[in-house]
Amino acid sequence: MGCCDTLLDCSTYHVPVLLGRDTTMSKFLQDANVAKDSNPGTVGRKRWGLWVTGVVGGTLIALYAVATPFVIPALRKICLPFVPATPAQIENVLKMLQSRTGSLVDIGSGDGRIVIAAAKQGYRAVGYELNPWLVWYSRYRAWREGVHHNTRFYIADLWKVKFSQYANVVVFGVPQMMPQLEDKLLSELQITAKVIACRFPFPTWAPDHMTGEGIDTVWAYDAKTFQNGHCGASAEAQRHYTQNTQ
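Keep in mind it's a predicted model, so treat the numbers as computed, not measured.

Draft legend 1. Expanded view of the side chain of Asp216. Counting through the fold element by element, Asp216 comes out in the loop between strand E6 (209–211) and strand E7 (218–222). Here Asp216 occupies a buried position and makes no salt bridge, while the nearest side chain of opposite charge, Arg199, is found at 6.6 Å.

In structure tokens, the structure reads:
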């Protein structure tokens, strides 16, 4: 009887005490976590970390958006990099256009220098460029120079554009693209058109006129000449083309 009473007394007395300890410990831990989360230093560090992560992420996205249009052309089969036209090149192009009329197109117009210069001479000029940033900048420059009414800039792949509507064609190309472009222009241009090549000549066409030296050299081709089968590049043009394709 006494032993049973003792056991009953223990279970009746001690269990609530143990449960009370557990409840007290849980409350203590909860209060500690709340205090930790409400610590101004901890909250500040979390906000700072989020701010830094957002800035770094935004910067990387911006760099990707800006750099991609410049990097993608280098990954194409024929790379046409952006190299601004020099003042001498622009002057030589305009010299070849003297006494010419009609529309003008610049293939690979870059930052729009040739198109804008031609528009100032009274041409209705168009530029095709694959890099959207350069196209938008060209439009801004044309507006700033006051010739935006006579200029148009398009984001386009030159191989997907028809050039039959243009009387004057300016090309800033690379040696690897000139043979294919030669065939394209031969099949599309009107017999009254004129083609002006800068930096690199066409491989088989015989230029009707030539001016400038070094990288500022400009070759002019009349469509009636190369469409009538009068091909055969000059010795100077052939040497220039060969040197840059080896």
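Draft legend 2. Geometry of helix H3 (residues 87–96). If you check which residues of H3 are buried, you get Gln89, Ile90, Asn92, Val93 and Met96. The buried residues of H3 occupy an angular sector of 165° when the element is viewed end-on, so they sit on one face. With respect to the buried face of H3, the exposed residues turned more than 90 degrees away are Pro87 and Glu91. The secondary structure elements touched by the buried residues of H3 are helix H4 (113–120), strand E4 (168–172), strand E5 (194–198), E6 and E7.

Draft legend 3. Molecular detail of the sheet that holds E5. Here 7 strands make up an open sheet; going across it, the order is E3-E2-E1-E4-E5-E7-E6 and the pairing mixed. Unpaired on one side and paired on the other, strand E3 (151–155) and E6 mark the two borders of the sheet. Neighbour-to-neighbour, the strand axes of this sheet turn through a mean angle of 15°, independent of strand direction. The pairing of strand E1 (residues 104–107) with strand E2 (residues 125–129) spans 4 bridges and is classified as parallel. If you follow Val105 over to E2, its bridge partner there is Val126. Against the sheet, helix H5 (residues 132–145) makes contact with E2 and E3, and its axis sits at roughly 170° relative to E3, the strand it touches most.

Draft legend 4. Just the pairing of E3, in detail. As paired elements, E2 and E3 share 5 bridges and run parallel to each other. Paired with Ala125 across the strands is Thr151, a residue of E3. In this fold, the crossover linking E2 to E3 by way of H5 has right-handed handedness.

Draft legend 5. Up close: the pattern of salt bridges. With the rule as written, the count across this model stands at 6 salt bridges. With a closest N to O distance of 2.8 Å, Glu188 and Lys184 form a salt bridge. Taken together, the residues span about one helical turn, with Glu188 and Lys184 both in helix H6 (residues 178–188) at a distance of 4 residues. Note on Lys184: relative accessible area 11%, which makes it buried. Between Lys194 and Asp222 there is a salt bridge; the shortest N-O distance is 2.8 Å. Residue Lys194 is found in strand E5, and its partner Asp222 is found in strand E7; the two are separated by 28 residues along the sequence. On the accessibility criterion, Lys194 (7% relative accessible area) is buried. Residue Asp222 is classed as buried on the basis of its relative accessible area of 15%.

Conventions used here
Residues numbered from 1 in each chain as written. Predicted model: local features only at pLDDT ≥ 70, side-chain atom pairs only at ≥ 80, totals over all residues. Heavy atoms only, no water. Helix = DSSP H or I, 4+ residues; strand = E, 2+ residues; numbered from the N terminus. Buried < 20%, exposed > 50% of the residue type's maximum accessible area, 1.4 Å probe, protein only. Lys, Arg positive; Asp, Glu negative; His and termini not counted. Salt bridge = Lys/Arg side-chain N within 4 Å of Asp/Glu carboxyl O. Arc of directions from axis to C-beta. Contact = heavy atoms within 4.5 Å. Pairing = 2+ DSSP bridges. Axes fitted to C-alpha atoms, helices over the stretch in contact; angles between N-to-C directions. Right-handed = clockwise from strand over helix to strand, strands pointing away.

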